[in-house]
Amino acid sequence: MSDLLPTAPDRFPAETMSFALAGPAGKLECEAKAAAADVARDVVAVICHPLSTDGGSMHNKVVTMVERSLRESGVDTVVFNFRSVGRSEGAFDHGHGESDDLAAVVAWARKVRPGAELWLAGFSFGSYVTIRNAVRLDARALISIAPPAAGRGWDFAPLELPAIPWLVVMGDADEIVDPQAVYDWVESIPEDRRPQLVTMEDTSHFFHRRLMDLRGAIKHAVKDWLPEPRQA
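Residues numbered from 1 in each chain as written. Predicted model: local features only at pLDDT ≥ 70, side-chain atom pairs only at ≥ 80, totals over all residues. Heavy atoms only, no water.

Novice: Help me out: how do you make sense of a negative patch on the surface in this one?
Specialist: A cluster of like negative charges, contributed by Asp-178, Asp-184, Glu-187 and Glu-191, occupies part of the molecular surface. Inspection of the secondary structure puts Asp-184 in helix 4 (residues 179-188). Here Asp-184 falls in the partly exposed class, since its relative accessible area comes to 45%. (Patch = residues over 30% accessible without salt bridge, like charges linked within 9 Å, V, L, I, M, F, W, Y side chains within 5 Å. Areas by Shrake-Rupley, 256 points an atom, 1.4 Å probe, with all protein chains shown as cover. Salt bridge = Lys/Arg side-chain N within 4 Å of Asp/Glu carboxyl O. Lys, Arg positive; Asp, Glu negative; His and termini not counted. Charge placed at Lys NZ, Arg CZ, Asp CG, Glu CD. Helix = DSSP H or I, 4+ residues; strand = E, 2+ residues; numbered from the N terminus. Buried < 20%, exposed > 50% of the residue type's maximum accessible area, 1.4 Å probe, protein only.)

Novice: Explain the environment of Glu-175 here, please?
Specialist: Within the fold, Glu-175 resides in the loop between strand 7 (166-171) and helix 4. When the C-alpha atoms of Glu-175 and Ser-204 are compared, they prove to be 6.2 Å apart, with 29 residues separating the residues in sequence. In contact with Glu-175, not counting residues within four places along its chain, are Ser-204, His-205 and Phe-206. A polar atom in the side chain of Glu-175 sits 2.9 Å from the backbone nitrogen of His-205. (Contact = heavy atoms within 4.5 Å. Polar contact = N/O pair within 3.5 Å; in protein donor to acceptor, adjacent residues only side chain to side chain.)

Novice: I tried to follow the sheet that holds strand 6 (residues 141-145) on my own but got confused; where do I start?
Specialist: Sheets are built from strands that pair by backbone hydrogen bonding, the pairs being arranged parallel or antiparallel. Judged by pairing direction, the sheet is mixed, and its eight strands sit side by side in the order 1-2-4-3-5-6-7-8 without closing on themselves. Of all the strands in the sheet, just strand 1 (17-23) and strand 8 (196-200) have a single pairing partner and so form its edges. With strand direction ignored, the average angle separating the axes of adjacent strands in the sheet is 20 degrees. Taken together, the four bridges between strand 3 (residues 43-48) and strand 4 (residues 76-80) define a ladder with parallel strand orientation. (Pairing = 2+ DSSP bridges. Axes fitted to C-alpha atoms, helices over the stretch in contact; angles between N-to-C directions.)

Novice: What's the story with the environment of Ser-57 in this structure? I'm lost.
Specialist: With respect to the secondary-structure elements, Ser-57 resides in the loop between strand 3 and helix 1 (61-72). Since its relative accessible area comes to 16%, Ser-57 is described here as buried. Separated by 29 residues in sequence, Ser-57 and Gly-86 place their C-alpha atoms 7.3 Å apart. Among all residues touching Ser-57, those that are not within four sequence positions of it are His-49, Pro-50, Val-63, Asn-81 and Val-85.

Novice: Before we go on, may I ask you to explain the pattern of salt bridges in this structure?
Specialist: Side chains that carry opposite charge are capable of pairing whenever their charged atoms lie near each other. Tallying each qualifying case throughout the model produces 15 salt bridges. With its nearest N and O atoms 2.8 Å apart, the salt bridge here joins Arg-215 to Glu-72. A residue pair is termed long-range when its members are at least 10 positions apart, and Arg-215 in helix 5 (residues 211-222) and Glu-72 in helix 1 qualify at 143 residues. Shared partners join several salt bridges into a network, and the residues in it are Asp-42, Asp-76, Arg-113 and Arg-230.

Below, the structure is given as structure tokens:
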């Protein structure tokens, strides 16, 4: 990790800021962005990226669109690189250590935005990590983009699922995650915990040419989840 990144601030930055946060396996590369004051709510969303070993990072275009959608809705956002990615230290740990990375970022977010709701969002592998930890971290809302509910080594069966507002977005032409497996998994979830499922036709795993549609789906879903505007 380069020493050029400043250490994590003690307050949520008013302007976009990249920084290094002390994590369980070394420093974590993070970026925080505040929602515009005229739309800001008392919510912080931590967003997780796709599989590290397949080139996933916080700069992935789907992650970027999820971040933008939430910030435009009034949510402060934090994206970060899991251990071993970019300027984050450590080695890939198959979702176990990455869960601890997420917990470290959440702890910082709660420290600098005390009292704010925590939302979690993830794309692909990042969805697995956030779903796996939503209950443990007491998330108040969850967004899962193309969750790998079957295959690729991620076992969703033992996960404790939250009873919170939850959106799942799935492209029906996903070439990496089996769409039908995701639909079946969602249907298997008890009704009191079952997420809202949005299916996007003719859409691949990386939402090629459909990113603005993804933005619309997220903003439409979360508008009913938002608390009252933050008091100046």
